[in-house]
Amino acid sequence: MKRYAYYQSCINESMTKEVDRSIELWQHDLGIEMVKMHESACCGGSNLDYVSPKHFALVNGRNIATAEKQGLDLVVSCNTCLMTIRSAKKKLDESADLRNEINEILRKEGLEYRGTSQVRHLLWVLIDDVGLDVIRKKVKNPLSKLRIAPFYGCHILRPSTVLGKDNPLEPTSLDMLLDALGGKTIPYEHKNRCCGFHTLLVAEEESLNVAAEALQEAMEQKADCIVTPCPLCHTVLDGYQGKALKQNGIKGSIPVLHLSEVVGLALGYSDRQLGIKRHIVTV
Amino acid sequence: MSDSTIQHHEESRDVTFRVHRFNPQVDSKPYFDDYTIRLEKGITVLRAINYIKEHVDSSLTFRAFCQAGICGSCAMRINGMSKLACTTQVWDELDKAREPGVIKVEPLRNLPHIKDLVVEMDPLVGKMQKYSNWVDSKMPEEQWGKKEFLVSEEEFLAYDKATDCILCASCVSECTILRAHKEYVSPAVLLKSYRMNVDSRDSIHDQRLAGLVQDHGVWDCTHCYRCQETCVKNIPIMDAIHGIREDAIERRGTKDTSGARHAEAFMEDIEKKGKLVEATLPIRTNGLAWTLKNLLPMAFKMVMKRRTPPPPPLVKASKGIDALRKEFKEMTSHVGKDHEKKSGE
Amino acid sequence: MKPFDIVIVGGGGAGLYAAMEAMKTNPGLNIAVLSKIYPNRSHTSAAQGGANAALANKAKDDTVEMHIFDTIKGSDYLADQDAVEVLCSEAPKIIRELDNMGTPWSRMDDKTIAQRPFGGAGRPRCCYCADKTGHTILQTLYEQCLRKGVIFFNEYFALDLSVDGSRSRGLVAMNIKTGKIEAFPAKTVIFATGGYAKMYWNRSSNAAGNTGDGQAITYRAGIPLKDMEFVQFHPTGLRKSGLLVTEGARGEGGYLTNALGERFMKRYAPEKMELGPRDLVSRSLETEILEGRGFDSPAGKYLHLDLRHLGADIIKSRLPQIREMCMYFEGVDPIDDPVPVRPTAHYSMGGIDTDNLGRTVMQGVYAAGECGCVSVHGANRLGGNSLLDILVFGRIAGRAAAEECGKFNPTSIPEGELAEKELELRSFMQPKGHYERYGALREELGHTLGMNVGIFREASKIKQGITDIERLKERFQHVRVFDTGDIYNTNLLQVLELKNMLDLAETVAAGALVREESRGSHTRTDFPTRDDEKWHKHTVYTMEGGHPKIGYKPVTMGRYELQERTY
Ligand SMILES: Cc1cc2nc3c(=O)[nH]c(=O)nc-3n(C[C@H](O)[C@H](O)[C@H](O)COP(=O)(O)OP(=O)(O)OC[C@H]3O[C@@H](n4cnc5c(N)ncnc54)[C@H](O)[C@@H]3O)c2cc1C
Ligand code: SF4
Ligand code: SF4
Ligand code: FES
């Protein structure tokens with residue numbers, strides 16, 4: 001059983017509880033265990049960085065140091081948390097001064113940032129550690145009937161200087177996983193585009209236009225559902241779907257699933273078990 | 001198969017360019033033309049479409065000038081991505097083609113279309129003007145030419161990379177928010193604004209900043225980083241956008257824009273609870289009235305599905321919040337000292 | 001359209017500086033800048049190396065005098081010495097002025113503008129911004145023009161000067177976006193349309209639009225051209241595309257080597273080595289190739305520019321654009337491998353004949369920048385002197401026009417002229433009698449010029465060149481414009497540019513043939529030495545019956561006597 005320090009994203013603790021719930025359901029089937037980091041703090045979204053770069057380094061240095069103390073890699077299932085914590089890690093790894101400054105503070109709590117733990121997305125763990133072949137073998141209920149529109153979201157891809165795993169403009173990882181689960185992914189131009197979440201509260205009209213376009217393309221391509229590895233994308237594409245489509249005069253609707261949910265479905269769990277009933281758009 | 005045939009096969013092949021055509025004078029809607037030509041490895045997309053223009057179809061229309069990646073004329077979407085045709089190798093694009101051997105060529109997005117691969121650049125120039133994308137010198141014009149400003153290496157480096165921009169509009173074409181709203185300032189204009197604002201010779205920093213924090217300005221960016229990944233000169237555009245935001249919060253506080261308040265709210269929450277209090281985020285970002293009007297109907301639906309974020313008292317503070325709070329304070333005093341040092345210089 | 005006080009044709013460094021200075025001189029004037037591309041795309045942006053000025057920031061003992069001497073000597077004594085004096089003494093002022101308005105110059109430790117050595121200069125006096133000097137200067141000027149509210153007519157193609165006897169009424173131009181032919185009545189017109197070295201086509205470092213439009217327009221309107229036979233070849237064009245690897249690469253310490261691995265410049269300029277003046281270095285490369293010491297490849301013979309010993313850090317920090325170009329266009333990373341190079345047509349010393357204020361013989365018509373010929377470059381331009389030329393004389397012409405435009409009464413351009421032009425352009429679209437493709441003609445022109453009127457010239461070859469050009473002009477009558485639409489008709493524009501190049505190519509070849517000596521960039525193998533007695537004079541061309549008629553003009557001398565030019 002390979003263990004990971006599992007970072008608790010704020011949104012997965014409140015609006016999208018189904019993400020963690022479904023991971024808990026199937027993690028052992030795939031030989032992994034996500035150890036919840038109860039002592040972690042909010043990563044600051046992509047906002048804290050420019051309010052105060054040093055607090056930003058401190059909070060996320062502390063998050064990583066907590067994982068390091070347990071000797072585990074830090075795993076997240078929210079794109080923006082991933083990007084944010086990784087960019088803090090990059091800054092800390094590149095600057096000894098910054099490292100020293102936060103360690104001086106963290107030491108009092110018995111923590112030290114050393115840079116030994118990796119910060120990874122759940123999707124990456126599934127592909128790199130569990131392996132697509134293993135996943136393929138474990139699938140009980142292949143998604144073969146589904147035409148899936150993969151939606152990567154931005155912060156698992158960009159900035160590539162921080163993420164650096166997939167091609168930032170032509171990604172393939174999510175497609176590969178969905179393929180292993182037996183699903184059929186459709187060619188889908190919006191798959192690497194933005195959901196609009198981060199301006200939702202600042203420029204709502206713009207944000208929802210962005211979301212509407214992605215939804216529209218998926219519907220036009222006759223997808224049965226959209227799958228995303230990011231709860232923020234999910235919030236916009238699912239929670240705000242009605243409003244976004246209405247604002248743009250588009251008819252219809254399309255279900256949006258979390259990555260963790262489709263993994264669960266393929267491994268044989270029911271939509272009720274996985275919490276899919278919690279979605280706004282009926283699946 | 002012998003080695004030489006493999007080599008021969010690699011050296012030249014038929015390539016189809018599927019080019020977006022539209023001449024508003026005669027066409028009622030856009031269509032694609034396929035041109036199949038035999039090409040040798042090592043050729044750029046621009047040279048290929050130049051060949052088509054010279055030898056196959058002279059009416060095919062696109063912009064090109066320097067052919068050396070410096071004038072910014074030839075940006076277009078190649079296989080769906082905005083880039084310079086003159087620095088793009090055909091063979092690289094063949095690897096990415098969705099249909100084997102077919103390279104799709106389309107005009108830039110987010111700017112009005114003129115003909116075939118040509119789009120209107122005036123809106124971009126208009127925005128450069130709107131956001132004062134020029135240095136307004138601290139030195140009065142009558143004194144120009146008499147002595148140089150003294151500029152340190154560090155001051156120079158602050159804007160050096162940003163001056164690489166060739167205004168090709170590739171980033172503009174890929175921008176998420178511009179696509180959603182034509183008034184949006186645009187990544188290239190944010191970059192240029194930043195470049196001007198960090199120039200020690202400029203005198204209208206505050207005025208420019210005041211313009212940038214208005215509607216359709218710097219706070220509308222959704223940090224999708226598409227602009228940065230697209231930039232043909234590898235300019236870290238987001239550093240400029242973050243730079244403007246940092247600067248705005250530092251100099252203007254968080255009162256004047258919802259974006260700034262939004263950012264500040266994160267800081268508050270982490271200090272208090274170590275967690276984001278999402279339920280009150282909209283209120284703090286946009287005020288109560290806005291929240292009631294815009295979010296209540298949705299909230300109703302979300303409550304029905306038990307999806308609303310918990311109200312503040314129910315957000316459990318993260319474990320170890322006391323330690324975190326202390327550390328946060330300590331860092332705040334560090335930052336305070338940094339500021340003193342800076343202003344003492 | 002309401003008559004303009006000043007219409008500036010061209011939005012490169014020269015045109016924009018002229019516009020700014022004219023606005024500064026008299027803010028009340030009605031000034032327009034016309035450009036066939038957005039101004040910020042002008043070829044000035046391609047200048048990487050830098051601009052010369054005796055600021056004495058780097059070499060404390062540098063003086064304007066030395067700059068003057070280097071320029072005159074570099075010109076092989078064909079430059080007018082009074083003009084050179086203006087150029088060099090204005091230089092420090094203009095560089096500081098650019099700094100004052102926001103140009104991002106690279107800096108030295110003492111925070112002053114950095115300078116580096118450049119070919120043919122006795123002191124390191126080339127001011128630069130990494131290897132994007134022209135680009136940053138052009139950006140700054142464009143930004144400043146926007147700040148000052150200059151009126152731009154972007155993507156307008158100048159067609160003709162409307163002439164009434166001995167003076168101009170203004171300009172006839174085409175709005176590229178609509179295809180409409182429009183009149184720009186103007187008291188004064190300043191041509192700043194850049195050079196004509198693109199006539200060498202694939203063996204040219206120039207942008208596709210450096211087709212000498214301004215020179216051709218004025219030449220056809222009866223204004224003389226000067227010194228057209230002098231075309232500078234840059235020693236280090238990339239083998240495949242002709243694109244340039246700047247002198248900056250050698251300034252930073254790059255070596256030129258041949259197939260035997262020798263730094264062959266020791267044979268030609270033992271002291272200056274790779275930093276000898278351009279014409280000499282170009283000839284040296286060509287000689288190495290002709291004498292069989294070059295490398296061979298399907299794309300032609302070439303030599304090596306070796307930067308490897310500079311190390312990755314210097315290459316990445318000081319020559320990033322050069323590195324990029326080598327990788328994109330030649331597939332070579334200069335950190336790991338030597339770069340294949342050969343000489344490429346680069347700069348046109350000749351141009352519209354003007355006085356020191358940018359005035360032509362026609363009242364109210366001015367020229368500045370690479371399209372003008374004052375002359376400050378004579379038979380050979382020094383690296384870093386051209387940016388300087390366009391800035392200094394762009395500004396002078398702008399001020400002169402602003403001060404003088406009051407003298408001229410506005411006139412209008414007759415409607416008939418526009419209609420006639422329209423008919424002329426439309427005629428290319430008639431299928432009957434029109435069957436030639438412009439692409440083929442353009443390539444053949446470049447080829448014959450490269451072969452017969454290139455670096456090494458001799459009578460029999462030049463005559464071949466002239467015959468070829470005449471034949472091409474004949475074929476041009478049958479060129480077909482296949483795009484019959486009005487909107488953004490680049491097919492038509494490229495045909496018009498070809499016409500301009502053909503007219504000018506004739507002057508280049510004619511001048512090369514009559515000038516029976518070798519001077520600066522003009523090398524006659526059948527007359528290998530400089531002949532001051534017969535040829536210390538400018539050539540001047542006027543159009544007669546569609547062909548050039550050659551006359552002469554004395555060179556203005558000053559403090560510096562004729563000397564042999566050695567390095
Ligand atoms: C690769 C390269 C590197 C160089 N490096 C250096 C260097 O390091 N230092 C140096 O001093 N010099 C250098 N030069 C030379 C220098 O860049 C040019 O001589 C100079 O920039 C010319 O400026 P300009 O303003 O005269 O013309 P350009 O910048 O060429 O501008 C011409 C303008 O005229 C307009 N135009 C042309 N025809 C028409 C028409 N028919 N209608 C309307 N508008 C028209 C164009 O749109 C353009 O705006 C270099 C040149 C090249 C090619
Ligand atoms: S990061 Fe901002 S500016 Fe850049 S593309 Fe996305 S929305 Fe546009
Ligand atoms: S920022 Fe980059 S992509 Fe955008 S216009 Fe400038 S050079 Fe082009
Ligand atoms: S043609 Fe100038 S950038 Fe491509």
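Residues numbered from 1 in each chain as written. Chains lettered and ligands numbered in written order. Predicted model: local features only at pLDDT ≥ 70, side-chain atom pairs only at ≥ 80, totals over all residues. Heavy atoms only, no water.

Draft legend 1. Expanded view of the interface of chain B and chain A. If you look at the interface, chain B gives 67 residues, while chain A gives 74 residues. Each partner contributes to the roughly 6200 Å² buried at the junction of chain B and chain A, and carbon and sulfur atoms together form 58% of this total. Across the contact surface, chain B and chain A share five salt bridges. Between Glu213(A) and Arg179(B) there is a salt bridge, with the nearest N and O atoms lying 2.2 Å from each other. If you list the elements that add at least two residues to the side of chain B that touches chain A, you get α7 (176-180), α10 (226-230), α11 (237-252), α12 (258-273), α13 (281-286), α14 (288-304) and α15 (321-344) of chain B. Per element, the largest residue contribution to the side of chain B that touches chain A is ten residues, and it comes from α15(B). When its residues are assigned to classes, the side of chain B that touches chain A shows 26 nonpolar, 19 polar and 22 charged. (Contact = heavy atoms within 4.5 Å. Buried area = accessible area lost by both parts, 1.4 Å probe. Salt bridge = Lys/Arg side-chain N within 4 Å of Asp/Glu carboxyl O. Helix = DSSP H or I, 4+ residues; strand = E, 2+ residues; numbered from the N terminus. Nonpolar A, V, L, I, M, F, W, Y, C, P; charged D, E, K, R; others polar.)

Draft legend 2. Quick peek at the packing of helix α4 (residues 53-69) of chain A against helix α5 (residues 79-94) of chain A. All names here are of chain A. Axis separation between α4 and α5 bottoms out at 9 Å; the angle between their running directions is 100°. Taken together, the axes of α4 and α5 are roughly perpendicular relative to one another. Along the contact surface, α4 presents Phe56, Ala57, Asn60, Gly61 and Ile64, while α5 presents Thr84, Ile85, Ser87, Ala88, Lys89, Lys91 and Leu92. Residue composition of the contact of α4 with α5, grouped by class: six nonpolar, four polar and two charged. (Axes fitted to C-alpha atoms, helices over the stretch in contact; angles between N-to-C directions. Parallel < 35°, antiparallel > 145°, perpendicular 65-115°, else oblique.)

Draft legend 3. Representation of the site of ligand 1 within the structure. All names here are of chain C. In the neighbourhood of ligand 1, 38 residues make up the surrounding shell, with Ser42, Thr44, Glu370, Ser386 and Leu387 lying closest. For ligand 1, an oxygen atom lies 3.1 Å from a polar atom in the backbone of Gly13. The side chain of Ser386 places a nitrogen or oxygen atom 2.6 Å from an oxygen atom of ligand 1. With the chains in place, 98% of the 1000 Å² that ligand 1 exposes on its own is no longer accessible. If you list the elements that add at least two residues to the shell around ligand 1, you get α1 (13-25), β2 (31-35), β7 (156-164), β14 (339-348) and α10 (385-404). Broken down by element, the residue count for the shell around ligand 1 peaks at four residues, all from α10. Of the residues belonging to the shell around ligand 1, the class tally is 14 nonpolar, 20 polar and four charged. (Near = heavy atom within 4 Å. Polar contact = N/O pair within 3.5 Å; in protein donor to acceptor, adjacent residues only side chain to side chain. Areas by Shrake-Rupley, 256 points an atom, 1.4 Å probe, with all protein chains shown as cover.)

Draft legend 4. Local environment of helix α4 (residues 122-130) of chain B. Among all positions of α4(B), only Leu124(B), Val125(B), Lys127(B) and Met128(B) are buried. Buried residues of α4(B), seen end-on, are gathered within an arc of 160° and therefore sit on one face of the element. Against α6 (170-174), α7 and α8 (187-197) of chain B together with α4 (133-148) of chain C lie the buried residues of α4(B). (Buried < 20%, exposed > 50% of the residue type's maximum accessible area, 1.4 Å probe, protein only. Arc of directions from axis to C-beta.)

Draft legend 5. Molecular detail of the confidence of the model for chain B. Residues of chain B with pLDDT of at least 70 account for 85%, and the chain-wide mean is 86. Note that residues 1-10 of chain B has pLDDT below 50 and, in this model, three contacts with residues that lie over four places away or in other chains. (pLDDT = per-residue confidence, 0-100.)

Draft legend 6. Inspection of the site of ligand 3 at higher detail. In the vicinity of ligand 3, the contacting residues are Cys165(B), Ile166(B), Leu167(B), Cys168(B), Ala169(B), Ser170(B), Cys171(B), Ala188(B), Leu191(B), Cys231(B), Val232(B) and Ile237(B). The set of elements that each furnish at least two residues to the shell around ligand 3 consists of α6 and α8 of chain B.

Draft legend 7. Molecular detail of the pairing of strand β1 (residues 4-9) of chain C. Residue and element names in this part refer to chain C. Extensive coverage of β1 is indicated by the burial of six of its six residues. The pairing of β1 with strand β9 (residues 181-191) spans five bridges and is parallel. In the strand pairing of β9, Ile6 is matched with Thr188. Note: β1 against β2, four bridges, orientation parallel. Looking at the pairing, Ile6 lines up with Ile31 of β2. On the question of chirality, the crossover connecting β1 to the parallel β2 by way of α1 is right-handed. (Pairing = 2+ DSSP bridges. Right-handed = clockwise from strand over helix to strand, strands pointing away.)

Draft legend 8. View of the interface of chain B and chain C. Residue-level contacts link 68 residues of chain B with 67 residues of chain C. Between chain B and chain C the total buried area reaches about 5600 Å² when both faces are included, carbon and sulfur atoms providing 51% of it. Of all residues in chain B, Phe65(B), Trp144(B) and Glu148(B) bury the most surface against chain C, accounting for 14% of the area lost on that side. The interface formed by chain B and chain C holds twelve salt bridges in total. With its nearest N and O atoms 2.4 Å apart, the salt bridge here joins Arg442(C) to Glu54(B). Counting across the chain B and chain C interface gives 43 residue pairs in polar contact (both at pLDDT 80 or more). For the side of chain B that touches chain C, the secondary structure elements donating two or more residues are α2 (45-55), β6 (113-115), α4, α5 (153-160) and α8 of chain B.

Draft legend 9. Molecular detail of the pattern of salt bridges. All names here are of chain C. Using the criterion set out here, one finds 98 salt bridges over all chains in the structure. Arg263 is the partner of Glu274 in a salt bridge, and the nearest nitrogen-oxygen pair spans 2.7 Å. On the criterion of sequence distance, the pair formed by Glu274 in the loop between β12 (255-257) and α7 (278-290) and Arg263 in the loop between β12 and α7 is long-range, its members being eleven residues apart. Taken together, the shared-partner salt bridges connect Asp76, Glu229, Arg515, Glu517, Arg519, Arg530, Asp532 and Arg565 into one network.

Draft legend 10. Geometry of the sheet that holds strand β5 (residues 126-127) of chain C. Residues and elements named next belong to chain C. Strand order in the open sheet formed by three strands is β3-β5-β4, with antiparallel pairing between adjacent strands. Edge positions in the sheet fall to β3 (51-52) and β4 (115-116), since each of these pairs with one other strand and no more. In the sheet, β3 pairs with β5 via two bridges, with the strands oriented antiparallel. Of the residues in β5, the one forming a bridge with Asn52 is Cys126.

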